[in-house]
Every structure is written in structure tokens, then in C-alpha cells.
Amino acid sequence: MSKKHPIISVTGSSGAGTSTVKHTFDQIFRREGVKAVSIEGDAFHRFNRADMKAELERRYAAGDATFSHFSYEANELQELERVLREYGDTGRGRTRTYVHDDAEAARTGVAPGNFTEWRDLDPDSHLLFYEGLHGAVVNSEVNIAGLADLKIGVVPVINLEWIQKIHRDRATRGYTTEAVTDVILRRMHAYVHCIVPQFSQTDINFQRVPVVDTSNPFIARWIPTADESVVVIRFRNPRGIDFPYLTSMIHGSWMSRANSIVVPGNKLDLAMQLILTPLIERLVRESKVA
Ligand SMILES: Nc1ncnc2c1ncn2[C@@H]1O[C@H](COP(=O)(O)OP(=O)(O)OP(=O)(O)O)[C@@H](O)[C@H]1O
Ligand SMILES: O=C(CO)[C@H](O)[C@H](O)COP(=O)(O)O
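Only a predicted model underlies this, so the values are computations on that prediction, with no experimental measurement involved.

Give a description of the confidence of the model for the protein chain that names residues and reports values.
Predicted confidence across the protein chain gives a mean pLDDT of 96, with 100% of residues reaching 70 or more. Both scores are given for the predicted complex: the pTM is 0.95, the ipTM 0.92.

Shown next as C-alpha cells:
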């Protein structure tokens with residue numbers, strides 16, 4: 001935690017929608033005049049695509065079928081922790097990009113499946129925004145959660161998450177449904193052990209729930225739309241959250257528990273703006289005082 005150089009972390013599995021949520025944050029940052037620097041979690045993968053394949057094969061031959069990008073050991077989490085601590089202490093840090101596809105390759109000049117060089121973050125920012133797989137990890141080696149001032153979980157129910165991943169990986173990353181299905185299966189062990197525990201560390205979780213039949217996610221022809229879903233928003237500490245204000249401003253929303261509200265899927269963006277703007281404002285205000 002850093003009052004002076006605050007850190008926001010948005011955590012979700014692959015395909016959960018963390019990049020999509022980043023657009024909402026970007027809108028808030030622009031509107032509120034907040035200068036944010038960003039880190040993508042994939043920048044902290046330990047291996048490039050070819051080396052990851054070799055490592056997977058090596059571990060598989062040695063009897064380990066659980067290794068995947070979700071595993072702690074497949075990522076440089078100590079380096080991530082170091083960078084977050086450095087940012088919290090000094091407002092400086094570094095990141096790089098893991099290039100997924102041809103569009104990113106054209107932008108960065110680096111072939112897909114490889115990393116760009118490390119680059120310094122702009123030293124003149126109000127806050128750091130992390131978006132990726134491991135933004136709220138606590139294990140025997142690292143405590144990433146302890147370094148972030150606001151932690152958000154993006155967690156669609158699992159068959160929606162799979163549909164989103166399958167469609168995105170097919171459309172923009174060139175994978176087949178069968179290849180994505182294999183990846184989902186291979187990652188399941190680490191999903192349970194490394195990804196899910198983080199959603200008990202997060203301050204707010206946004207869980208999209210489809211209201212159309214997604215019982216066979218592997219043949220779904222499209223991603224359920226905003227109108228075909230609701231979003232459960234759960235606050236770890238509901239004290240200070242103005243639920244009557246939120247439910248009156250967000251048409252069609254209701255409280256489902258003392259710490260949770262449900263909003264129509266097409267009100268997700270509005271709900272995020274209403275909930276997150278005052279929290280971001282407070283982080284920036286307190287950082288200026290500090
Ligand atoms: N609220 C939403 N409504 C409809 N579609 C969504 C929503 N959120 C995400 N998606 C879709 O799900 C897919 C995955 O989203 P996104 O790329 O944001 O995931 P991600 O968590 O950043 O994945 P990765 O970490 O693997 O890059 C995209 O096709 C996106 O358009
Ligand atoms: O989104 C992911 C993790 O967040 C990707 O699955 C991971 O970065 C590997 O990418 P690729 O399959 O393009 O090599």
C-alpha cells in the first residue's frame with residue numbers, strides 16, 4: 001500500500017474481461033484528469049511462447065501436467081512485486097509487453113509470442129494501474145495484494161469466461177476451439193490454486209452472469225451480450241458504500257446481500273463509473289496530501 005504513489009490492480013483469468021474493464025478505467029482517468037501508468041500482467045510471464053512450450057513439454061515428460069500460464073512459477077512474480085514496491089516508494093518502475101498477435105507485432109516491431117525490451121514507466125504519474133492474472137496473489141513467496149491500494153476482481157461465471165476466451169482467442173489470436181479447450185483443461189489446476197484465491201483478497205468483484213443458456217460453452221456461437229446478462233458486484237467491506245444511492249441511480253439494480261448489488265449487464269459501465277470514480281478520486285487526493 002502506498003498513499004503517495006497509489007496502485008490499482010484489476011485481476012482476472014484469461015478472457016475474463018480485464019482488458020475490457022481497463023477501457024472504463026481509462027475513461028474515468030481521462031475525465032478526472034488522472035495521469036495513470038499501466039502494467040499488463042502478461043509482461044511478467046517467465047517464458048516467451050517457444051520457451052513456454054519447451055518448459056511445458058519438459059514438465060509433462062517429468063510427470064507434471066499442472067503447469068500453465070496461471071501457475072505462479074510460470075511468471076516473474078517476485079519481479080512484479082519488486083516493480084510495484086518501487087512504484088509505491090518512488091513513483092518509478094518498468095514494464096514490457098508480451099506480444100500476442102499480428103496487430104501488436106505491427107505496433108511493437110516484435111514477433112508474436114515474444115517480449116519487447118523493458119521500458120521505464122513515465123515518472124510523472126498520479127497512480128499505477130495493473131491489469132492481469134496475478135494482481136492479488138498472496139503466497140509464501142510474494143504478497144502482491146498487500147502492495148495494491150484498490151483491488152478489483154473481474155470474474156464472469158466460468159462458462160461465460162470460457163466462451164469469452166474461446167471467441168477472443170479464435171478471433172484475434174488465431175487459435176482453434178480445440179486448442180483453446182486444451183489450454184482451458186491444462187490450466188484448471190492452477191486456476192483453482194493460483195487464480196481463484198485472489199478473489200478473496202480483492203476489494204470489489206464484478207461477476208457477469210448470463211441469463212441465456214450457456215450450458216455448452218464450447219459450441220456457443222456468440223458471447224452473451226450486455227442485454228443477456230446481469231452483473232453481481234460484491235464489496236469486501238461494504239461500510240461506506242452508499243447502496244441506496246447506487247440502487248437509485250442504476251435503473252433495474254437491487255441488493256442481493258448486505259454486501260452485494262446486482263445490476264443489468266448494460267449498466268455495468270455506469271455502475272463502474274459510479275462506484276470507482278469516488279474511490280479513484282480519494283486515492284489521488286490522499287496521494288497529493290501525502
Ligand atoms: N462485459 C462484457 N460484455 C461482453 N463481452 C465482453 C465483456 N467483457 C469482456 N468481453 C469479451 O470477452 C473477451 C475477452 O475480454 P478481454 O480481452 O477483456 O479479456 P482479458 O481478461 O483481458 O483476457 P487476457 O488476460 O487473456 O488478455 C473479448 O472478446 C471481450 O470483448
Ligand atoms: O492471455 C493469456 C494470459 O493472460 C495468454 O494465454 C498468455 O499470455 C499466452 O499467450 P499466447 O497463447 O498468445 O502465447
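Just give me the short version of the nonpolar core, but keep the residues and values in it.
Counting residues in each nonpolar core, the largest one holds 33 residues, and the members touching the most others are Phe-25, Ile-233 and Ile-280. Ranked by residues supplied to this core, first place goes to helix H8 (residues 268–289) with 10 residues. Setting aside residues no more than four positions away along its own chain, Phe-25 makes contact with Ile-8, Val-10, Phe-129, Ile-152, Leu-276 and Ile-280. Core analysis: the second largest hydrophobic core is formed by 18 residues, Val-37, Ile-39, Tyr-130 and Val-137 among them.

Give a description of H8 that names residues and reports values.
Its 22 residues place the ends of H8 32 Å apart at the C-alpha level, agreeing with the 32 Å of an ideal helix rising 1.5 Å per residue. Along H8, the largest kink reaches about 35 degrees and is centred on Leu-276; proline Pro-278 follows within four residues of it.

Pulling in residues and values, what's your account of the site of ligand 1?
For ligand 1, the set of nearby residues contains 15 residues, the closest of which are Ser-14, Gly-17, Ser-19, Thr-20 and Arg-168. Side-chain polar atom of Ser-14 to an oxygen atom of ligand 1: 2.6 Å apart, as the coordinates give it. Backbone polar atom of Ala-16 to an oxygen atom of ligand 1: 3.3 Å apart, as the coordinates give it. About the coverage of ligand 1: the protein hides 78% of its 630 Å² of free accessible area. Of the residues belonging to the shell around ligand 1, the class tally is three nonpolar, eight polar and four charged.

Kindly report on the packing of helix H5 (residues 158–173) against helix H6 (residues 177–195), identifying the contributing residues and their values.
The geometry of H5 relative to H6 is characterised by a closest axis approach of 10 Å and an angle of 135 degrees between their N-to-C directions. Classified by the angle between their axes, H5 and H6 sit oblique to one another. Where H5 crosses over H6, the handedness of that crossing is right-handed. Contact residues: Ile-158, Glu-161, Trp-162, Lys-165, Ile-166, Asp-169 and Arg-170 in H5; Thr-177, Val-180, Val-183, Ile-184, Arg-187, Met-188 and Tyr-191 in H6. Here the contact of H5 with H6 is built from residues that sort into eight nonpolar, one polar and five charged.

Criteria and cut-off values
- Just so you know, the residues in each chain are numbered from 1, in the order the chain's sequence is written.
- Think of it this way: whatever chain is written first is A, whatever ligand is written first is 1, and the rest follow in order.
- Whole-chain, interface and lining totals are the exception, using all residues; otherwise, since this is a predicted model, local features are given only for residues with pLDDT of at least 70 and side-chain atom pairs are given and counted only at 80 or more.
- By convention in this description, side-chain values take in all heavy atoms of the structure and omit both hydrogens and water.
- pLDDT is a residue-level measure of predictor confidence that goes from 0 to 100.
- Here, nonpolar core refers to any group of buried Ala, Val, Leu, Ile, Met, Phe, Trp, Tyr and Cys residues whose side-chain atoms link them within 4.5 Å.
- Exposed residues in this analysis have more than 50% of their type's maximum accessible area, buried residues have under 20%, and partly exposed residues fall in between, with area computed by a 1.4 Å probe over protein chains only.
- Secondary structure elements follow DSSP: runs of H or I no shorter than four residues count as helices, runs of E no shorter than two count as strands, and numbering proceeds from the N terminus.
- By the convention used here, residues are in contact when the closest approach between their heavy atoms is within 4.5 Å.
- Helix span, as expected, comes to 1.5 Å for every residue beyond the first.
- The quantity called bend is, for any residue, the angle between two axes fitted respectively to the seven residues ending at it and the seven beginning at it.
- Here a residue is near a molecule or strand as soon as one of its heavy atoms is found within 4 Å of it.
- Pairing of N or O atoms within 3.5 Å defines a polar contact, subject to two protein rules: one partner must be a possible hydrogen donor and the other a possible acceptor, and residues neighboring in sequence count only if both atoms are side-chain atoms.
- Under the convention used here, a 1.4 Å probe and the Shrake-Rupley method define accessible areas, while residue burial counts only the protein chains that appear.
- Amino acids outside the nonpolar list (Ala, Val, Leu, Ile, Met, Phe, Trp, Tyr, Cys, Pro) and the charged list (Asp, Glu, Lys, Arg) are all regarded as polar, and Gly is one of them.
- Axis definition: a line fitted to C-alpha atoms, over the contacting stretch in the case of helices. Angles run 0 to 180 degrees between N-to-C directions.
- If an angle is under 35 degrees, it is roughly parallel; if it is over 145, roughly antiparallel; if it lies from 65 to 115, roughly perpendicular; otherwise it is oblique.
- In this scheme the crossing of two helices becomes right-handed for a clockwise turn of the near helix relative to the far one and left-handed for an anticlockwise turn of less than a right angle.

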